[in-house]
Every structure is written in structure tokens, then in C-alpha cells.
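Coordinate analysis (summary)
Listed here are the chains, written in short residue letters.
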Amino acid sequence: MYDYDAIVIGGGHAGIEASLAVSRMGFRTLLITQSLDAIGRLSCNPAIGGLAKGNLVREVDALGGEMAHLIDSSMIQFRILNRRRGPAVQAYRAQADKFSYSRLAKETLEKERNLELFMDTVVDIIVRDGKIIGVVTERGWSIYSKVVILTTGTFMSGKIFIGEYEHESGRLGEEAAKGLGDALRKKGFSVGRMKTGTPARVKMSSLDFSRLEVQDGDEQMRPFSFLTKKVERPNLKCYITYTNERTHEIIRANIHRSPLYGGKIVGKGPRYCPSIEDKVVRFPDRERHQIFVEPEGVGSEEMYLNGLSSSLPESVQNEFIRTLPGLENVVIMRPAYAVEYDYLDPLDLYPSLESKIVKNLFIAGQTNGTSGYEEAAAQGIIAGINAALRLENKEALILKRSDSYIGVLIDDLTTKGTKEPYRMFTSRAEYRLFLRNDNADSRLTPLSPLASDERKEALKEKLLAMEEIKELLKARKERGKNGLELIREPEVTIDSLLPSDANNFSPEVKEEVELDLKYEGYLKRQEREIARFEKNESVAIPEDFDYDSVDGLSQESREKFKAIRPKSVGQAGRISGVRVSDIAVLQVALRGVRSGK
């Protein structure tokens, strides 16, 4: 009956990771996408990583994903952010050659043994007895599978806006996926609208670089993947300019022509990545806003104006962009625009990313209300792994807040939901000193059923090297202390303590040892906090638990428990609006269930 073991809908960053995960775990998979030429497209910022986002990329890699390999092979600038601050908030970020990134993503999918690609648009899902069994496409195909992973990005009923112009598109020049959103509404899914946007692209040769500030990358390009030994790529410059009062005057004078302020757009936009209209309106006292001018790729004239997304008419964009220093004679190649699209309420998902409404349907990426390539990839790999585990009749992989940023991301979505595009921040992670980007492999590779033997062996070699370094430090004696004690002093570095012939260790491994030792006291305190957290996480709530039978619960908490069906007491306590007293009542009731009373 089934044509495939798994079908993945969408070829964006979530779809890439999901389809590779299922196929690499041995299952025949079909990826259906509207355009084979748009797979892995960096449709907004041509960059991967950033604060907290870089950690997500490293975690995807540690689990056996692909995003880190793609950026290692296509980066054109690399920086470690927050280098002067503590290790908990440091992160990798790289500019990408967006054209190479997309091409490499497509090539990777095409070469995967158990994976097939098919160009069409999914307009409906086939459900029987509460389980998904296939999909229907726009060209009339009914294709059957045991599991389906939905990763539609911004394309489900997508509509773009440029001033008075609007068109049903997921990206400029690419048609929206029509029909699926309405079909899901009819099947009982909670479907809402969200909005995002992208800046104009301008011609490099039309810029006056003498008026722009240069932003160089780090001299040494570091790999995102734990399996990449060395990155050798072109290292291009980025630039900085600023808006000014004249820019703001033009925007204020035309604000009524913005579909965001004219009422055409109803979807909630990203709070932490606002359009330039939003910035001017919300921060009227700001004299200027910083704009990054970044290359789109090697051999391309297109430059990206990071921080200048807009939905104002093209004539207005032409006017206000030319007020920026260095852009007085700029040629705009692609206009900025806003895009509004359907998303599904993530409260309707289990932490495995399986739908509570239709069994064997997994949902990942911007479809769940998130923003960003990295958040999408993180969900995609978890959805893919868990779809494969379902096919194997095994327990799902559920990552916790205490072991990964991915765990924080999915727990936030499935426990608290979101009404605006969700973006990962360092501050969202309670245990961020433990969730550093350098130790993602130690944390997650042992948990992943997708991790290859090569990856496991690389981790083993790294851990042995770390132990060897610690032994060398222990043998170093100075001022009545050994190296393990000396390195805790702020001014002491690991290189000053290691023997001069100990140069066979990579800088990354030495840095991880140094951070572990320097912050050992803080890490032990965090381990105690994690132990307390996991105590509540270990108190499971039965799937069929009857909340109506529990006396003393407030009506608000009772309804939230019934809607979200938390997996544990810990998750129940993180639901927005739930009282501490209700958690105490719930714990008493669960003890009664366990004792048989």
C-alpha cells in the first residue's frame, strides 16, 4: 500500500535535515518541494549562526545533521561573537556564499541513497482512523507513506507585500503553496498567520566603499562541524553604515503606505528583528540605526542590507536607501518586502514534534512559528529522527532543557506556544554555561541514533585528548600548585602551562579543557541545579491522566493541562499561567496514582 516509508514536505532547512535523518536511518524517503532549484535557499540573511543560533548549528551537527557541513563548505567570512565576554554567550557566525550553500544542499540530497526528490506542491494530507497515510499534490498525485514530516516554511498560503503591491508568494518570484492551510483547518488544526521580511539587495559596484566602515572577519576560519578538520575559504569583508534623520523623515512621511501600518498585514512580525518602519516608529528618539552591508556570495554583485527590511513601496525604498552614507548612488537589484504566511500552533505538538491531532504526522520549522534557518534545522533533525524511530517502533528522542538549546527551543514551543516568530536567544537557556558551543558533541552525540561511527570515534578521540591534556597539566608544578589549580587563575592560559612539544592538540580541544577547568566551580553549581530540574522531569504524567478527577486544581490550570497534556511535572510547571499551588496538588494526585489509591 505504501509508496514510501516517509514523505517530507518542503525543501528548506528543516526539510533538508528531516529528509536526511530519516533516509540515513535506513528508510525510503521522498522529499516533495515546489522547486528543486530553491532547496536550502538562504532567502533572508546570507549567514549561518549567531548568538545562540551558532549553538543550535553545532548541536544539529553533533546529532548527525548537515547544516554545519554546508556552511563549512560555503562560508566567505567567519567571526566568533562575544569573544571578550564569558564562554556561555560566545557563538560562531559565518557569512555564506548563498549560491554555493543552496547548490551543495541540493547535491547532498541528490546523492543520499534512500532519498528521492520530487517537484510538486502538496495541497492536502490523507488521514485514516486518526493516522496520516499520505499526501495529495497539486498535479493530482496521491502518494502514500507510513509517516509524514511537514516543513512548509513561509510558503503555506504565503503572500508578499511591497507597498500597495501584493502577490501570493512564499518568496519574491516563487509561488505560494495554496490549499494546504485550508485543508489543515478543515481537519481541526489551529492555523494562524505570521509575518517576516527581508531587505533590499543592492549592486556592489554602485556603492562608495570609502564612506563605509569595514568589518573584517576573524583571521582564522573555524569549522562549525566537529568532523571538519580545517576550513579554507575566501575571506570577504563586510561593511557598516547608518541611517540618519533624513532617512527617518522619509519613512515617517510614507508610513501610511506600509501594509504593516495600513492594516493589510494581520500576522505578527518578529519582535527582535523588526523592519526599519518598526524601528523608526518604536524608537523615535534614536538618531540612527546600524546597517550591515554584506556580500551575498563570491562572484555576485548583490549586497545584503542587514537591518533594513521593509515593506514600503519601491519608490520610497529607492529614496530612503540613498540617504545612507556610501549608498547615495545605489542601484537596487531586488526590493525589500514583507511576507505573511500560515503557521500551525506548536501547542498541538508533543515534544517529539509529532502532531497531537493526527498520528504519525511530524511538523518542523517555520511552520511551527519559529524564525531563522538554525531553529528550522534543529526542529527538522529532531522530527526526522523521531519519524524514523516511530518506523522502528522505538521511543522518541526527547531532548531536555538541561542538555541542549534544541531542548529549550522545542520545550518552549510545545509548552508555552508562540504568538510571534520565535527566535532562540542565549537568555532562554537556564543552563547556558553548560550548553556551550564547544561541548555540543559531548552532550548530544551519545544520545543520537543518527550519529555515525565516524562521529562517535571522533568524539572518543577528543575526550581522550582532553584527558591527556589534563594529565599534562596535573604534572606541571609551580608555586606549590599543579597546572589544574594554576589554570583557574584569570591571567593564566593553558598554553603557558603545557609543555612546548604539546602542539599536537587542536586549539578547540585546548580551549574546551581550559573553560571546563576555569569555570569548574560554576559548572558544579549548575550541575546541582540540573539535578533538581531533572528530578521534576523524571516524574512522568500518564498520557491518559484524568485531570478532571483531581480535586483542588484551579479551572485555568486544569484546562491548560488538558490542552497541552504535559509529559512530566517539570513540563507542567513551565506552562504559562499555571500556579505553583496547582503543581503541588498535581504531585499529590500523581503519588496517589503510583501507589494505587
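Scoring rules and cut-offs
- Residues numbered from 1 in each chain as written.
- Predicted model: local features only at pLDDT ≥ 70, side-chain atom pairs only at ≥ 80, totals over all residues.
- Heavy atoms only, no water.
- Salt bridge = Lys/Arg side-chain N within 4 Å of Asp/Glu carboxyl O.
- Helix = DSSP H or I, 4+ residues; strand = E, 2+ residues; numbered from the N terminus.
- Buried < 20%, exposed > 50% of the residue type's maximum accessible area, 1.4 Å probe, protein only.
- Pairing = 2+ DSSP bridges.
- Expected span 1.5 Å × (residues − 1).
- Contact = heavy atoms within 4.5 Å.
- Axes fitted to C-alpha atoms, helices over the stretch in contact; angles between N-to-C directions.
- Polar contact = N/O pair within 3.5 Å; in protein donor to acceptor, adjacent residues only side chain to side chain.
- Parallel < 35°, antiparallel > 145°, perpendicular 65-115°, else oblique.
- Left-handed = near helix turned anticlockwise from the far one by under 90°.
- Nonpolar A, V, L, I, M, F, W, Y, C, P; charged D, E, K, R; others polar.

A short note on the pattern of salt bridges
Side chains that carry opposite charge are capable of pairing whenever their charged atoms lie near each other. For the coordinates displayed, the defined rule picks out 61 salt bridges. Aspartate 61 is the partner of arginine 455 in a salt bridge, and the nearest nitrogen-oxygen pair spans 3.1 Å. Taken as a pair, arginine 455 in helix α13 (residues 453-475) and aspartate 61 in helix α2 (residues 53-63) lie far apart in primary sequence, 394 residues in all. The residues arginine 455 and aspartate 61 share a single accessibility class, namely buried. Residue lysine 394 pairs with glutamate 392 through a salt bridge whose shortest N-O separation is 3.5 Å.

Things to note about the pairing of strand β10 (residues 159-162)
Where β10 and strand β21 (residues 337-344) come together, 3 bridges link them in antiparallel fashion. Opposite lysine 159, over in β21, you have glutamate 340 as the bridge partner. Relative to strand β11 (residues 165-167), β10 runs antiparallel, the two being bridged by 3 bridges. Looking at β11, one finds that isoleucine 162 is bridged to tyrosine 165. The hairpin turn running from β10 into β11, its antiparallel successor, is 2 residues long, and glycine 163 in that turn takes a positive phi close to 60°.

Overview of helix α16 (residues 507-518)
Taking 1.5 Å as the rise per residue, α16 with 12 residues should run 16 Å; its terminal C-alpha atoms sit 16 Å apart, in good agreement. Lining the buried residues of α16 we find α12 (440-444), α13, α14 (483-486), α15 (494-497) and α17 (520-537).

Quick word on the sheet that holds β21
Strands belonging to one sheet form pairs held by backbone hydrogen bonds; the direction of such a pair is parallel or antiparallel. Spatial strand order, β11-β10-β21-β14: 4 strands in an open sheet with antiparallel pairing. Only two strands of the sheet have a single partner each, and these edge strands are β11 and β14 (191-198). Mean inter-strand twist for the sheet, computed between neighbouring axes without regard to direction, equals 20°.

Overview of the side chain of threonine 445
Tracing the backbone through its elements, the reader meets threonine 445 in the loop between α12 and α13. Looking at threonine 445, its side chain comes within polar contact range of the main-chain oxygen of alanine 62, at 2.8 Å. Beyond its immediate chain neighbours, meaning those up to four positions away, threonine 445 contacts Ala62, Ala440, Ala451, Arg455, Lys456 and Leu459.

What about the environment of glycine 54?
On the secondary structure map, glycine 54 appears in helix α2. For glycine 54 and asparagine 437, which are 383 residues apart along the polypeptide, the C-alpha to C-alpha distance reads 7.2 Å. Filtering out sequence-adjacent residues up to four positions away, glycine 54 remains in contact with Gly49, Tyr92 and Phe224.

Details of the sheet that holds strand β15 (residues 201-203)
Here we have 6 strands laid out as an open sheet, ordered β16-β17-β18-β19-β15-β20, and antiparallel in their pairing. The outermost strands of the open sheet, each flanked by one partner alone, are β16 (213-215) and β20 (332-334). Strand-to-strand twist across the sheet, computed as the mean angle between neighbouring axes with direction ignored, equals 35°. Direction of pairing for strand β17 (residues 238-242) relative to strand β18 (residues 290-295): antiparallel, over a ladder of 4 bridges. Looking at the pairing, isoleucine 240 lines up with phenylalanine 292 of β18.

Some thoughts on the packing of helix α6 (residues 245-253) against helix α9 (residues 314-321)
Two elements in contact, α6 and α9, have axes separated by 9 Å at closest approach and are oriented at 165°. The pairing of α6 with α9 is recorded here as roughly antiparallel in orientation. Our pair here, α6 against α9, has a crossing hand that is right-handed. Every residue of α9 that contacts α6 at Arg246, Thr247, Ile250 and Ile251 is listed here: Val316, Glu319 and Phe320. Classifying every residue of the contact of α6 with α9 by side-chain character gives 4 nonpolar, 1 polar and 2 charged.

Some thoughts on the packing of α2 against helix α10 (residues 373-391)
Taken N-terminus to C-terminus, the directions of α2 and α10 make an angle of 25°; their axes are 9 Å apart at the nearest point. Comparing the axis directions of α2 and α10 gives the class roughly parallel. Relative to α10, the crossing made by α2 is left-handed. Listed contacts from α10 to Lys53, Leu56, Val57, Val60 and Leu63 of α2 are Glu374, Glu375, Ala377, Ala378, Ile381 and Ile382. Of the residues contributing to the contact of α2 with α10, the split by class is 8 nonpolar, no polar and 3 charged.

Some points on the side chain of arginine 401
Summarising the element assignment, arginine 401 is placed in the loop between α10 and α11 (405-416). Assessed through its relative accessible area of 3%, arginine 401 is described here as buried. Here aspartate 412 takes part through its side chain, which lies 2.8 Å from a polar atom of the side chain of arginine 401. A distance of 3.2 Å separates a polar side-chain atom of arginine 401 from the backbone oxygen of arginine 428. Not counting the four nearest positions on each side in its chain, arginine 401 is found in contact with Gly407, Val408, Asp411, Asp412, Arg428, Glu430, Tyr431, Leu435, Phe533 and Arg574.

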